[in-house]
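This is what each chain is made of:
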Amino acid sequence: MSDIEKVNCLIIGSGPAGYTAAIYASRANLSPVLYEGMQTGGQLTTTNEVENFPGYPEGVSGMDMMDDIRQQALRFGADIREGNVTACELSDTKKIVTIDDKKTIEAEAVIIATGASARYLGLESERKFRGMGVSACAVCDGFFYRKKDVAVIGGGDTAVGDALYLSGIANKVYLIVRKNYLRASKVLQERVSNTPNIEILFEHVTKEVLGDNSGVTGLRLEKQGKDEVIINITGMFLAIGHNPNTSIFKGQITLDENGYIVTEGKGTQTNIKGVFACGDVQDPTYRQAITAAASGCKAALDTERYLLSKGE
Ligand code: NDP
């Protein structure tokens, strides 16, 4: 068995919550070690333009913003590492975490900032064409659909933002919305209705992804629960929300009915002493970069207090 590395403060996850926790924890001399997980920088790196984060009057790309926060954490000495947490044994007295199925770490305190992942419709045909026209990241894959017709599924801020982004690349964008209204913010709704190459199909539900050896060729939709509609597209972008990344904590950390980590009161304490959670993994409501960063700050402050009280 490999040697166990002992660390003071282990941070799992690298979105705005994890990196902000790393800034605060390193400035408090907690010697944080942060594992970045599968997606360095988290979900924001798949966002095009972030226009509502204070301090960037002209907006900033999600990728650049995450790189800025990462650099800030490094500047104060955070030990940021590549690697994915694959197992953990967390209790009030011992916190053991496995990285990439091989390395073992024992931490005095753990901050969970594993975020959330894109949701899919769950259709067999959708699974079949994943990576062949089905994508959950317009910013990552939009480039491949220059002058093509594409569809975005969903009616929230993500879907409308994705449709706007794709409208600048693709020939035509269908926005497929299951209800008869958009959930997105008014400013985005206005923009989308003023974009001539976006067509919104309200009260349409995706029943099947159509395709052949070349990939996606269309979607079979159901209109208002009865009529069948076929649209010809080569790219389908999912933007129907997210699931929290908590499967490795199941049975140890208390989760709510949707899998989000439950934290106590206004703080970030989980049901296990010395284990804190911040960012989207514990926030089904706000899910903004700024609220994630704020909760990362809180998690680091809670951790500092916990470690101080332990040492007394
Ligand atoms: P939301 O949960 O807000 O919206 C999800 C959308 O997908 C809804 O329109 C929902 O429809 C639809 N949907 C869900 N499941 C299905 C399904 N099975 N089939 C068809 N449609 C489905 O998620 P978002 O990712 O858009 O936003 C999450 C949070 O992040 C929000 O708080 C949002 O404000 C925020 N955000 C902010 C941004 C910004 O400020 N720039 C950018 C992106 C996100 P229905 O309405 O019928 O439930």
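Residues numbered from 1 in each chain as written. Predicted model: local features only at pLDDT ≥ 70, side-chain atom pairs only at ≥ 80, totals over all residues. Heavy atoms only, no water.

Asks: Where do I start with the nonpolar core in this structure?
Replies: Within soluble globular proteins, side chains that are nonpolar tend to cluster in buried spots. By size, the foremost hydrophobic cluster in this structure holds 31 residues, and its most contacted members are Ile11, Met65 and Ile111. Among the elements of the structure, β1 (4-12), α1 (16-27), α2 (62-75), β8 (103-112) and α7 (289-311) are those that each provide at least two residues to this core. Dropping the residues within four chain positions of it, isoleucine 11 is found in contact with Gly18, Ala21, Ala22, Pro32, Val33, Leu34, Tyr35 and Ile111. Counting residues in each nonpolar core, the second largest holds 21 residues, with Val33, Ile105, Ile272 and Ala277 among its members. (Core = buried A, V, L, I, M, F, W, Y, C linked by side-chain atoms within 4.5 Å. Buried < 20%, exposed > 50% of the residue type's maximum accessible area, 1.4 Å probe, protein only. Helix = DSSP H or I, 4+ residues; strand = E, 2+ residues; numbered from the N terminus. Contact = heavy atoms within 4.5 Å.)

Asks: Sorry, what's going on with the sheet that holds strand β16 (residues 227-232) here?
Replies: Each strand in a sheet pairs with its neighbour through backbone hydrogen bonds, running either in the same direction (parallel) or in the opposite one (antiparallel). Read across the open sheet, the three strands follow the order β14-β15-β16; overall the sheet is antiparallel. Strands at the two margins of the open sheet, each flanked by one partner only, are β14 (204-212) and β16. Strand after strand, the sheet turns through a mean of 25° between neighbouring axes, direction not considered. One ladder, built from eight bridges, connects β14 with strand β15 (residues 215-223); its direction is antiparallel. If you follow histidine 204 over to β15, its bridge partner there is lysine 223. (Pairing = 2+ DSSP bridges. Axes fitted to C-alpha atoms, helices over the stretch in contact; angles between N-to-C directions.)

Asks: Whenever I open this one, the site of the ligand confuses me. Can you help?
Replies: Among the 17 residues in the neighbourhood of the ligand, the closest are listed as Asn52, Gly155, Asp157, Thr158 and Arg183. In this structure, an oxygen atom belonging to the ligand sits 2.8 Å away from a main-chain N or O atom of glycine 155. Arginine 178 places a polar side-chain atom, nitrogen or oxygen, 2.9 Å from an oxygen atom of the ligand. Considered on its own, the ligand offers 920 Å² of accessible surface; in the complex 77% of this is hidden by protein. Of the residues in the shell around the ligand, the class split is four nonpolar, eight polar and five charged. Mapping the shell around the ligand onto the domain boundaries places at least three of its residues in each of domain 1 (4-117 + 242-311) and domain 2 (120-238). (Near = heavy atom within 4 Å. Polar contact = N/O pair within 3.5 Å; in protein donor to acceptor, adjacent residues only side chain to side chain. Areas by Shrake-Rupley, 256 points an atom, 1.4 Å probe, with all protein chains shown as cover. Nonpolar A, V, L, I, M, F, W, Y, C, P; charged D, E, K, R; others polar. Domains from an automatic or database assignment.)

Asks: Sorry if this is basic, but what is going on with the pattern of salt bridges here?
Replies: Opposite charge on two side chains permits pairing when their charged atoms draw close. A complete count under the given rule lists 13 salt bridges for this structure. Note that lysine 172 is salt-bridged to glutamate 199, the shortest N-O span being 2.6 Å. Taken together, the residues lysine 172 in strand β12 (residues 172-177) and glutamate 199 in strand β13 (residues 198-202) connect sequence positions 27 residues apart. A residue is classified by how much of its surface remains accessible, and lysine 172, at 23% relative accessible area, is partly exposed. (Salt bridge = Lys/Arg side-chain N within 4 Å of Asp/Glu carboxyl O.)

Asks: Explanation requested: a positive patch on the surface in the structure shown.
Replies: On the surface, Arg119, Arg178, Lys179, Arg183 and Arg287 cluster together into a positively charged patch. Its relative accessible area of 38% is what places lysine 179 among the partly exposed residues. (Patch = residues over 30% accessible without salt bridge, like charges linked within 9 Å, V, L, I, M, F, W, Y side chains within 5 Å. Lys, Arg positive; Asp, Glu negative; His and termini not counted. Charge placed at Lys NZ, Arg CZ, Asp CG, Glu CD.)

Asks: Teacher, can you tell me more about the side chain of threonine 270 here?
Replies: Mapped onto the elements of the fold, threonine 270 is located in the loop between β18 (242-244) and β19 (275-277). At 3.2 Å, the side chain of threonine 270 forms a polar contact with the backbone nitrogen of isoleucine 272. A distance of 2.8 Å separates a polar side-chain atom of threonine 270 from the backbone oxygen of valine 275. Ignoring anything within four residues of it in the chain, the contact list for threonine 270 reads Ile253, Ile261, Val262, Glu264, Val275, Phe276 and Ala277.

Asks: Would you take a moment to explain the packing of α1 against α2 for this structure?
Replies: Working note: a packed helix pair is described by the angle between its axes plus the distance between those axes. Orientation of α1 relative to α2, taken along the N-to-C sense of each, is 20°, at an axis distance of 8 Å. With respect to each other, α1 and α2 are oriented roughly parallel. For α1 against α2, the interelement crossing comes out left-handed. Across the interface between the two elements, Pro16, Tyr19, Thr20, Ala22, Ile23 and Ser26 of α1 pack against Met66, Ile69, Arg70, Gln72 and Ala73 of α2. (Parallel < 35°, antiparallel > 145°, perpendicular 65-115°, else oblique. Left-handed = near helix turned anticlockwise from the far one by under 90°.)

Asks: Help me out: how do you make sense of the domain arrangement of the chain in this one?
Replies: Where the parts come together, the accessible area they lose is often given as the size of the interface. When the domains of the chain are assigned, the result is domain 1 (4-117 + 242-311) and domain 2 (120-238). For domain 1 versus domain 2, the distance between C-alpha centres works out to 32 Å. With four residues of domain 1 at the interface, the matching set in domain 2 holds five residues. Between domain 1 and domain 2, roughly 380 Å² of surface is buried when both sides are summed, and carbon and sulfur atoms account for 57% of that area. For the pair domain 1 and domain 2, the number of links is one salt bridge. (Buried area = accessible area lost by both parts, 1.4 Å probe.)

Asks: Honestly, the pairing of strand β11 (residues 149-153) in this entry has me stumped. Any pointers?
Replies: Across a regular strand the side chains alternate sides, sitting on one face of the sheet and then on the other. Counting buried positions along β11 yields four of five residues, so the element is predominantly enclosed. Across five bridges, β11 lies against β12 in parallel orientation. Note that in β12 the partner of alanine 151 across the bridge is tyrosine 174. Read as a crossover between parallel neighbours, the route from β11 over helix α5 (residues 157-167) to β12 is right-handed. (Right-handed = clockwise from strand over helix to strand, strands pointing away.)

Asks: What am I meant to see in the sheet that holds strand β17 (residues 235-238) here?
Replies: One open sheet accounts for five strands, arranged β10-β17-β11-β12-β13; its pairing is parallel. Each edge of the open sheet is held by one strand with a lone partner, namely β10 (134-135) and β13. As judged from the five bridges shared by β12 and β13, these two strands associate in the parallel manner. Bridge pairing links valine 173 to isoleucine 198 in β13.

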